[in-house]
Amino acid sequence: MSLYDRVSDLPLEIEDYELEPLEQPISPEFTRKTTLVHLRGAGHEGVGEDVTYSVDDQEAFQREGHSLPLAGSHTLDSFSQLLDRLGLWPAGPALEQFRPYRSWAFESAALDLALRQAGTSFHEAMGLEPCPVTFVSSMRLGEPASIDPLQRWLDTYPALRFKLDPTPTWDDALVTALVETRAVDTLDLKGAYKGTPVDLDPDPTLYARVAIAFPKAFIEDPALTKETDPVLEPHRSRITWDAPIHSVADIEGLPFPPQTLNFKPSRFGSLRALLEAYEYCGEKDIGIYGGGQFELGPGRGHIQYLASLFHPSSPNDVAPRAYNADPHPGLPTSPLQPALSETGFRWAD
């Protein structure tokens, strides 16, 4: 029986739903907004989180997304098929890559609700044992880049590991200082993004600098061009992919077989696509680590839950939400101990 078949026929009763806005100021120029999806039925509630980055898309959804015909008796699979037929976007999306994010919000809420109505948990339904989750903290180092943001965290948590976004202002002095910390597990080159604020143009000099300086770190989402591909060819075993991965077909379409991938459930959109990709990677012996989308609510717990079942020992970019603030004592440290609800698809953060 496939992973998806273990839950696809779970009955799902939906009576109504509610959308709840969440927001967190990040800077004077930007406030992160997400939307909680609450599905209710048979005395239970399931929750999911739309992590779309466009503020306009979030506000349109919160304002106009309350009339979807979701009520009725379903299975998880028939509900997923219903979502495929519905227009989940009153306006937008601003970027096509956001479209599966909303689908995942409803799919994860439905999974949580169906499991609660069945009186079981996700790991029990999967037949898997949750394990402590290794996590890293993800950050940029400012512009011009400085080691100071990372060092402030290391001063409080000396064992903390990091996923970093190299930029053109990473000079030799900064790279040397970062190497000396021995705390960098993943380098996200942001070369596979198009039309977003985090896009980075391919830079063979930067690629060579970080690939050589960090010989054990994963190299995520490079833009492979005639200039950068020769630079990275000796390091292909460490190249990983994130932004292009939405399905098994995307994995099979990569320029060369990967040894490791970054899975973000919101990119897959559906539970079927995500679980099929987990199975495929298991069969092909492809390693996985989990990634986040700056979740403000239960979406962060969902990715921690999945990491605990499918890739607990990887450098998962699933740090507790408190790591999005300034360093302060008392935060949970890696590995994160499982904190699962008795039923449903939830992780207590």
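Scroll up to find the structure.
Residues numbered from 1 in each chain as written. Predicted model: local features only at pLDDT ≥ 70, side-chain atom pairs only at ≥ 80, totals over all residues. Heavy atoms only, no water.

Looking at the overall build of the chain
Regarding its fold elements, the chain presents twelve helices and twelve strands. The C-alpha atoms of the chain give 20 Å as radius of gyration, which agrees with the globular expectation for 349 residues (20 Å, within 12%). For the chain, the spread of C-alpha atoms along the three principal axes comes to 60 × 45 × 40 Å. Within the span of the chain, comprising 349 residues, buried residues form 54% of the whole. Restricting to contacts in the chain with at least 6 residues of sequence separation, those with at least 24 account for 68%. Counting every atom, the chain has about 14800 Å² of accessible surface; 50% of that belongs to carbon and sulfur. The chain carries 28 positive and 52 negative side-chain charges, and their two centres are separated by 3 Å. (Helix = DSSP H or I, 4+ residues; strand = E, 2+ residues; numbered from the N terminus. Rg over C-alpha atoms; globule rule 2.2 N^0.38 Å. Buried < 20%, exposed > 50% of the residue type's maximum accessible area, 1.4 Å probe, protein only. Contact = heavy atoms within 4.5 Å. Areas by Shrake-Rupley, 256 points an atom, 1.4 Å probe, with all protein chains shown as cover. Lys, Arg positive; Asp, Glu negative; His and termini not counted. Charge placed at Lys NZ, Arg CZ, Asp CG, Glu CD.)

Considering the nonpolar core
Grouped together as the largest cluster of nonpolar side chains are 96 residues, with contacts concentrated most on L39, L70, F79, F106, W170 and F263. Residue contributions to this core peak at ten residues, all from helix α3 (residues 99–118). (Core = buried A, V, L, I, M, F, W, Y, C linked by side-chain atoms within 4.5 Å.)

Comments concerning the pairing of strand β4 (residues 44–50)
β4 sits mainly inside the fold: five of its seven residues count as buried. By the bridge criterion, seven bridges tie strand β3 (residues 30–41) to β4 in an arrangement that is antiparallel. Its bridge partner lying in β4, H38 is registered against V47. Taking the residues that link successive antiparallel strands as the turn, the β3-β4 hairpin has two residues, and the phi of A42 there is positive, at about 55°. (Pairing = 2+ DSSP bridges.)

Brief notes about the packing of aromatic side chains
Applying the stated criterion across every chain, the model contains 16 aromatic pairs. Measuring from ring centre to ring centre gives 6.2 Å for Y157 and Y323, while their planes differ by 45°; the resulting arrangement is tilted. A residue pair is termed long-range when its members are at least 10 positions apart, and Y157 in the loop between α5 (148–156) and β7 (162–164) and Y323 in the segment after α12 (298–310) qualify at 166 residues. An identical accessibility class is assigned to Y157 and Y323; each is buried. One Lys or Arg, R32, reaches over the ring of Y53 and ends 4.1 Å from the middle of that ring. (Phe/Tyr/Trp six-rings, centres within 6.5 Å; stacked < 30°, edge-to-face > 60°. Lys NZ or Arg CZ within 6 Å of the ring centre and 35° of its normal.)

Some words on the packing of helix α2 (residues 76–85) against α3
Contact geometry for α2 and α3: axes closest at 10 Å, N-to-C directions at 160°. Between α2 and α3, the crossing angle belongs to the class labelled roughly antiparallel. Handedness of the crossing formed by α2 with α3: right-handed. Side by side, α2 and α3 meet where L76, F79, S80 and L83 of the first sit next to S103, F106, E107, A110, L111 and A114 of the second. (Axes fitted to C-alpha atoms, helices over the stretch in contact; angles between N-to-C directions. Parallel < 35°, antiparallel > 145°, perpendicular 65-115°, else oblique. Left-handed = near helix turned anticlockwise from the far one by under 90°.)

Quick word on helix α7 (residues 204–213)
By the burial criterion, the buried members of α7 are L206, Y207, V210 and A211. End-on view of α7: buried residues confined to an arc of 120°, all on one side of the axis. Taking the backbone nitrogen of T205 as reference, a side-chain oxygen 3.0 Å away marks D203 as the first, capping residue of α7. (Arc of directions from axis to C-beta. Polar contact = N/O pair within 3.5 Å; in protein donor to acceptor, adjacent residues only side chain to side chain.)

Points about the environment of A125
If you trace the backbone, A125 turns up in helix α4 (residues 122–126). Sequence spacing of A125 and L3 is 122 residues, and the spatial spacing of their C-alpha atoms is 9.1 Å. Excluding residues within four positions of it along the chain, A125 makes contact with R6, V7, L115 and T120.

A word on the pattern of salt bridges
Counted under the stated rule, the structure contains 24 salt bridges. For K163, the salt bridge identified is with E220, shortest N-O distance 3.0 Å. One end of the pair, K163, is in strand β7; the other, E220, is in strand β9 (residues 218–220), with 57 residues separating them in the sequence. A salt bridge links R300 to E295; the shortest N-O distance between them is 2.9 Å. We note that R300, like E295, is buried. (Salt bridge = Lys/Arg side-chain N within 4 Å of Asp/Glu carboxyl O.)

Some details on unusual backbone geometry
Cis geometry is adopted by the peptide bond preceding P144, which originates at E143 and carries an omega value of -5°. Locating P144 in the fold gives a position in the loop between β6 (137–139) and α5. A cis geometry characterises the amide bond from S334 onward to P335, with omega recorded as 0°. As for its placement among the helices and strands, P335 is situated in the segment after α12.

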